[in-house]
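# Structural overview for review
Residues per chain, in single letters:
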Amino acid sequence: MTTPIIREVRVRAVDAPLDPPLRNSLNVIPRAPLVIVDVRTEDGAAGTAYVFPYTAAALGPTAALARSLGAGLVGRALAPAAIWRDLHDAGRILGTEGLVQIALSALDMAMWDALAVRAGLPLCALLGAEPRPVPIYASLRGWGAAMLAEEAGRAVATLGARAVKFKLGQKRLEDDLDTVRAVRAAVGDAVEILVDYNQALTLPEAERRGRALQDLDVRWLEEPLPVQDDAGLAELARRLTIPVQGGENWWGPAAMHKALMAGAVDLCMPDAMKIGGVTGWQRAAAMAAAHRVPMSSHIFVEASVHLMNATPTAHLLEHLDVAAPLLAEPLVVKDGMALVPERPGMGIVWDEAALAKHAADV
C-alpha cells in the first residue's frame, strides 16, 4: 500500500456547555471548549480528532497553532510518527509544552485516525492490538458528600461501573472522609473508590490525609502534590500504602520518564492531549511496561479506548465524556466496560448540527 499524501488540514472550534459542570476544590468548569482537527488525504481518506484546552481564553490560540502547524503538513506523506518527530525537533527552541503540545497532539491523533480509516481498521487494530472491551472507572463531576453519593450511585446503576473517582480537598480532613463514607454507602463494598486532589496539598498534609484514606480502603490517591514535585511525590509514595496516581499533567514522554525514574508514582495515567497524541502515548506505554507500572487514561474516551487496548500494562479507562453531546454516536459503555466501535479509525462521527450550534469564531 502506497503512503497517502495529506491534501487538507481543517481546524474548527466549538464551545459547548458541560452538563453537569466539572467541580473541584479549585474551580468550576461549566463549558467544553474543543478544537477539532480534520485531516484529508489526496485519495480521499479522512481522519478527525479533538483536544480540550479547558478555557475559552486558550481556544483561539490553540486553534491558531493547529492551523499554522497543519498548513505545513499539506503535501507531506501521511506518516504520523515521522511528522511527530519532525515537529518536536522544529519546536525545540520554542519548546513543545503547553498549547504547542496540545496542537501537536490534535494533529497527531487526526493523522493516525486517517491512517486507520484508510486501512479500514479500528485504530487499536492498526496499532497491532485486538479490539477488546476496556474496564472503566466513572469519573464524577460533583463536589461534596451529597452530590457525589447521588452521582456515584447513578454511575454504578447506569454504566455498571466497578470503580468511581471523585475530587477531594475540603478544608477539614473529616469532611473529605465523610464524602468517602457517603460514596461508599451509595455504591457498596464491591465498587472501588479512587480520589483526586488536583495537586492541592503539601507533603505533610498529603501524608496525613493519605493515611486516613487508606484506612477507608481508597484504592488510589491522585495528584496529591504539584506535578513538578517528583521528589516529594516519591517520598510520599514511600510513606503510604495507598498507591499514588499521576500523569495527566505530564507534558510529553520526557516528563513521564523523569517521574518514573524518580519513583514519583505507583500508577500512571497519561493524557492523550498532553503526552503527545497517539505517537506520544505509544512511547509512554512502552515506558510504563518497562517499569511495570499500571497505566490508565485521562478523558478523551474515544481515543483512549483504542490506546488502552495497545497498552501492555493497561489498567482503567477514565469515563469522563466531554464530547458526547457533539457526537452522532458517543462511546458505548456496557457492564462497566467501554466498547471499541466497529467503525474504522477511532470511530468518531460528529453531529454537524451540534457543531454548528456551538461553533466558536476563532
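Note that the structure is predicted; figures quoted are calculated from it, not measured.

### Things to note about the overall build of the protein
Scanning the protein for helices and strands turns up 13 helices and 12 strands. Over its C-alpha atoms the protein spans a radius of gyration of 20 Å, differing by no more than 12% from the 21 Å that the globule rule assigns to 362 residues. A principal-axis box enclosing the C-alpha atoms of the protein has dimensions of 60 × 40 × 40 Å. In the protein, which comprises 362 residues, the share counted as buried stands at 57%. For the protein, restricting intrachain contacts to residue pairs at least 6 apart in sequence, the fraction spanning at least 24 positions comes to 68%. Here the protein displays about 14,400 Å² of accessible surface, and carbon together with sulfur accounts for 55% of that area.

### Focus on the sheet that holds strand β3 (residues 46-51)
Pairing within the open sheet is antiparallel, and its 3 strands lie in the order β1-β2-β3. Among the strands making up the open sheet, the edge pair consists of β1 (6-23) and β3. Mean inter-strand twist for the sheet, computed between neighbouring axes without regard to direction, equals 20°. Bridge count between strand β2 (residues 28-41) and β3: 6 bridges; the pairing is antiparallel. Residue pairing in the sheet places V35 in a bridge with V51 of β3.

### Comments concerning the packing of helix α2 (residues 80-90) against helix α3 (residues 98-119)
Contact geometry for α2 and α3: axes closest at 10 Å, N-to-C directions at 165°. Considering the angle they form, α2 stands roughly antiparallel to α3. Of the two elements, α2 crosses α3, and the hand of that crossing is right-handed. Along the contact surface, α2 presents P80, I83, W84, L87 and H88, while α3 presents Q101, L104, D108, M111, W112 and L115. Grouping the amino acids of the contact of α2 with α3 by side-chain chemistry returns 8 nonpolar, 2 polar and 1 charged.

### A few points about the side chain of E302
Tracing the backbone through its elements, the reader meets E302 in helix α12 (residues 301-309). In contact with E302, not counting residues within four places along its chain, are Y50, D321, A323, L327, M346 and I348.

### Remarks on the side chain of S105
Within the element layout of this structure, S105 appears in helix α3. Here G277 takes part through its backbone nitrogen, which lies 3.2 Å from a polar atom of the side chain of S105. Those residues in contact with S105 that sit more than four places away from it in its chain are A272, M273, K274, G276 and G277.

### Some thoughts on the pairing of strand β4 (residues 134-139)
Most of β4 sits inside the fold, with 5 of its 6 residues counted as buried. Note: β4 against strand β12 (residues 337-338), 2 bridges, orientation antiparallel. When the bridges of β12 are listed, V134 appears paired with A338. In this sheet, strand β10 (residues 317-319) lies alongside β4 in parallel orientation, the contact comprising 3 bridges. For I136, the partnering residue across the bridge sits in β10 and is L317. Bridge count between β4 and strand β5 (residues 163-167): 2 bridges; the pairing is parallel. When the sheet's bridge partners are listed, S139 is paired in β5 with K165. For the segment spanning β4, helix α5 (residues 145-159) and β5, crossover handedness is right-handed.

### Considerations on the UniProt feature "domain: Mandelate racemase/muconate lactonizing enzyme C-terminal" (unreviewed entry) in the protein
Mapped onto the present numbering, the UniProt feature "domain: Mandelate racemase/muconate lactonizing enzyme C-terminal" (unreviewed entry) falls on residues 145-243. With 54% helix and 13% strand, the stretch residues 145-243 has end C-alpha atoms that lie 23 Å from each other.

### Things to note about the state of the cysteines
Counted by the stated rule, this structure contains 0 disulfides. Looking at C124, it has no disulfide partner, and the nearest cysteine sulfur is the one in C268, 19 Å off. Take C124: its relative accessible area is 0%, and that puts it in the buried class.

### Details of the packing of helix α1 (residues 56-71) against α3
The interhelical angle for the contact between α1 and α3, taken along N-to-C directions, is 55°, at an axis separation of 9 Å. One finds that α1 runs oblique with respect to α3. Relative to α3, the crossing made by α1 is right-handed. Judged by residue contacts, A58, P61, T62, L65, A66, L69 and G70 of α1 engage L99, V100, I102, A103, L104 and L107 from α3. Tallied by class, the residues present in the contact of α1 with α3 amount to 11 nonpolar, 2 polar and no charged.

### Description of the nonpolar core
Core analysis: the biggest nonpolar cluster contains 118 residues, and V37, Y50, F166, V195, L213 and M256 have the highest contact counts within it. Residue contributions to this core peak at 13 residues, all from α3. Other than its neighbours up to four places away in sequence, V195 contacts K165, F166, L168, V180, L213, V218, W220, L221 and E222. The next biggest cluster of nonpolar side chains, apart from the first, holds 7 residues, and it includes A163, L194, M269 and L316.

Here is what the cut-offs are and how they apply
- Residues numbered from 1 in each chain as written.
- Predicted model: local features only at pLDDT ≥ 70, side-chain atom pairs only at ≥ 80, totals over all residues.
- Heavy atoms only, no water.
- Helix = DSSP H or I, 4+ residues; strand = E, 2+ residues; numbered from the N terminus.
- Rg over C-alpha atoms; globule rule 2.2 N^0.38 Å.
- Buried < 20%, exposed > 50% of the residue type's maximum accessible area, 1.4 Å probe, protein only.
- Contact = heavy atoms within 4.5 Å.
- Areas by Shrake-Rupley, 256 points an atom, 1.4 Å probe, with all protein chains shown as cover.
- Pairing = 2+ DSSP bridges.
- Axes fitted to C-alpha atoms, helices over the stretch in contact; angles between N-to-C directions.
- Parallel < 35°, antiparallel > 145°, perpendicular 65-115°, else oblique.
- Left-handed = near helix turned anticlockwise from the far one by under 90°.
- Nonpolar A, V, L, I, M, F, W, Y, C, P; charged D, E, K, R; others polar.
- Polar contact = N/O pair within 3.5 Å; in protein donor to acceptor, adjacent residues only side chain to side chain.
- Right-handed = clockwise from strand over helix to strand, strands pointing away.
- UniProt positions renumbered as here; feature names shortened; annotations may be inferred.
- Disulfide = S-S within 2.5 Å.
- Core = buried A, V, L, I, M, F, W, Y, C linked by side-chain atoms within 4.5 Å.

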